[in-house]
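So you can see what is in the structure, the chains are spelled out below.
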Amino acid sequence: AWTWEHLALSRARLIAADPGMAEKINAVIAAQMAAPRDRTKTIADVTSMRALMARERPARHPFDLKLATGGLIDLEFIAQSAQLVAGKELALPQAPTAAVLERLGETGLLAEGLRLAEIHGVYSTVLQAVSAALLHPFRDEEWTPPFRELLARLTHYPSFERLSDDLTAMRAEVEAAAAKWYAAATNS
């Protein structure tokens with residue numbers, strides 16, 4: 001199967017199944033996630049896919065934290081590629097992104113893992129608020145002063161300006177951590 005299909009397996013969550021079937025399905029997924037693979041090829045596939053996404057689907061707004069360089073997609077690709085190439089060390093074949101990022105830090109595979117999990121939490125809060133509150137989130141006129149104040153409060157920031165500045169810094173942190181992870185994963 002293609003790397004992309006294996007990345008998708010890391011997000012697989014069984015919703016319902018006959019008795020015993022859930023265990024069988026999860027065991028098959030866990031075995032596939034733990035299967036040996038060419039680390040260099042896997043990481044090359046992931047970075048190639050990310051580059052393609054950056055070209056084909058660029059961020060539409062400064063707060064498009066899903067698609068922006070150093071955004072949510074980058075965090076997901078770090079976690080998913082780690083599940084593929086370091087699955088035995090992580091022992092989290094189908095875990096949420098934040099849990100995998102934390103585990104990367106705990107295991108020492110990526111020292112920045114815990115920080116990346118924190119950033120994931122901030123990004124998720126911002127994206128959920130934007131999706132829930134704004135009809136057209138990528139139109140600047142929707143970003144009213146009350147909404148900006150709400151966003152700052154929801155993310156525990158003293159001001160929207162501080163949140164905006166920190167998000168820029170977080171994106172740079174994620175971008176640097178992704179480069180570090182891909183280099184380390186390829187050279188292991």
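As shown above, the structure is provided for reference.
Trainee: Is there a simple way to explain the overall build of the protein in this structure?
Mentor: In terms of regular secondary structure, the protein is built from 9 helices and 0 strands. When the helices and strands of the protein are placed in sequence order, the string is α-α-α-α-α-α-α-α-α. Across its three principal directions, the C-alpha atoms of the protein cover 50 × 40 × 35 Å. In the protein, the proportion of contacts linking residues at least 24 apart, taken out of those at least 6 apart, comes to 61%. Of the roughly 10,100 Å² that the protein leaves accessible, carbon and sulfur atoms contribute 57%.

Trainee: What should I look at first to understand the pattern of salt bridges in this one?
Mentor: Opposite charge on two side chains makes pairing possible when the charged atoms of those side chains draw close. Evaluation of the coordinates by the stated rule reveals 9 salt bridges. Glu112 serves as the salt-bridge partner of Lys180, at 2.9 Å between the closest nitrogen and oxygen. With a gap of 68 residues between them, Lys180 in helix α9 (residues 160-187) and Glu112 in the loop between α6 (97-107) and α7 (113-133) connect regions that are remote in the sequence. Lys180 sits in the partly exposed class, given a relative accessible area of 41%. Taking relative accessible area as the criterion, Glu112 reaches 27% and is therefore assigned partly exposed.

Trainee: I keep staring at the packing of aromatic side chains and nothing clicks. Help me out?
Mentor: For any pair of aromatic rings, the description consists of the separation of the ring centres together with the inter-plane angle of the planes. Following the criterion strictly, the structure yields 4 aromatic pairs and no others. Note on Phe63 and Trp143: the rings are 4.7 Å apart at their centroids and 40 degrees apart in plane angle, and the pair reads as tilted. On the criterion of sequence distance, the pair formed by Phe63 in the loop between α3 (39-56) and α4 (72-85) and Trp143 in the loop between α7 and α8 (145-154) is long-range, its members being 80 residues apart. What makes Phe63 buried here is its relative accessible area of 7%. What makes Trp143 buried here is its relative accessible area of 4%.

Trainee: Explain α4 to me, please; I cannot follow it from the model alone.
Mentor: Residues lying three or four places apart along an α-helix face the same way, a consequence of the helix completing one turn every 3.6 residues. For α4, which comprises 14 residues, the first-to-last C-alpha distance of 20 Å matches the rise-based estimate of 20 Å (1.5 Å per residue) to within 8%. Most of α4 is tucked away, with 13 of its 14 residues classed as buried.

Trainee: Is there a simple way to think about the nonpolar core in this case?
Mentor: Soluble, globular proteins show a tendency: their nonpolar side chains are buried together. Residues Ile78, Leu116, Leu151, Leu167 and Trp181 are the most contacted members of the largest nonpolar core, which totals 50 residues. Breaking this core down by element, the ones donating at least two residues are α2 (21-34), α3, α4, α6, α7, α8 and α9. Tallying contributions element by element places α9 first for this core, with 10 residues. Ignoring any residue separated from it by four or fewer positions in sequence, one finds Leu151 in contact with Phe63, Val126, Ala129, Trp143, Phe160 and Leu163.

Trainee: Would you take a moment to explain the environment of Asp74 for this structure?
Mentor: Inspection of the secondary structure puts Asp74 in helix α4. Note on Asp74: relative accessible area 7%, which makes it buried. A sequence separation of 51 residues divides Asp74 from Thr125, and the C-alpha atoms of the two residues are 17 Å apart. Excluding residues that lie within four positions of it along the chain, Asp74 makes contacts with Arg50, Ala68, Thr69, Val174 and Tyr182.

Trainee: Would you mind showing me how to read α9 here?
Mentor: Taking 1.5 Å as the rise per residue, α9 with 28 residues should run 40 Å; its terminal C-alpha atoms sit 40 Å apart, in good agreement. If you check which residues of α9 are buried, you get Phe160, Leu163, Leu167, Met170, Val174, Ala177, Ala178, Trp181, Tyr182 and Ala185. Lining the buried residues of α9 we find α3, α4, α6, α7 and α8.

Trainee: Can you walk me through the environment of Leu104 in this structure?
Mentor: If you trace the backbone, Leu104 turns up in helix α6. Relative accessible area serves as the criterion here: at 0%, Leu104 is assigned to the buried category. Distance from Leu104 to Ala31, taken between C-alpha atoms, is 20 Å for residues 73 residues apart in sequence.

About the thresholds
- All residue numbers here refer to positions counted from 1 along the written sequence of the relevant chain.
- In keeping with the model being predicted, local features are shown solely for residues with a pLDDT of at least 70 and side-chain atom pairs are shown and tallied solely at 80 or more, while totals for entire chains, interfaces and linings include all residues.
- The side-chain figures draw on all heavy atoms in the structure; neither hydrogens nor water molecules are used.
- Think of it this way: any DSSP run of H or I at least four residues long counts as a helix, any run of E at least two long counts as a strand, and we number them from the N terminus.
- Contact definition: two residues touch when any of their heavy atoms are within 4.5 Å.
- For the area figures, the Shrake-Rupley method with a 1.4 Å probe applies, and any residue is considered shielded solely by the protein chains shown.
- Here, a salt bridge means any Lys or Arg side-chain nitrogen found within 4 Å of an Asp or Glu carboxyl oxygen.
- Type-normalised accessible area, obtained with a 1.4 Å probe on protein chains alone, sets the label of each residue: buried when under 20%, exposed when over 50%, and partly exposed for intermediate values.
- Pairing of aromatic rings covers Phe, Tyr and Trp, the last through its six-membered ring, and needs centres within 6.5 Å; plane angles under 30 degrees mean stacked, over 60 mean edge-to-face, and all others mean tilted.
- In a helix, the anticipated span is given by 1.5 Å times the number of residues less one.
- Take the buried residues of types Ala, Val, Leu, Ile, Met, Phe, Trp, Tyr and Cys, join any two whose side-chain atoms come within 4.5 Å, and each joined set is a nonpolar core.

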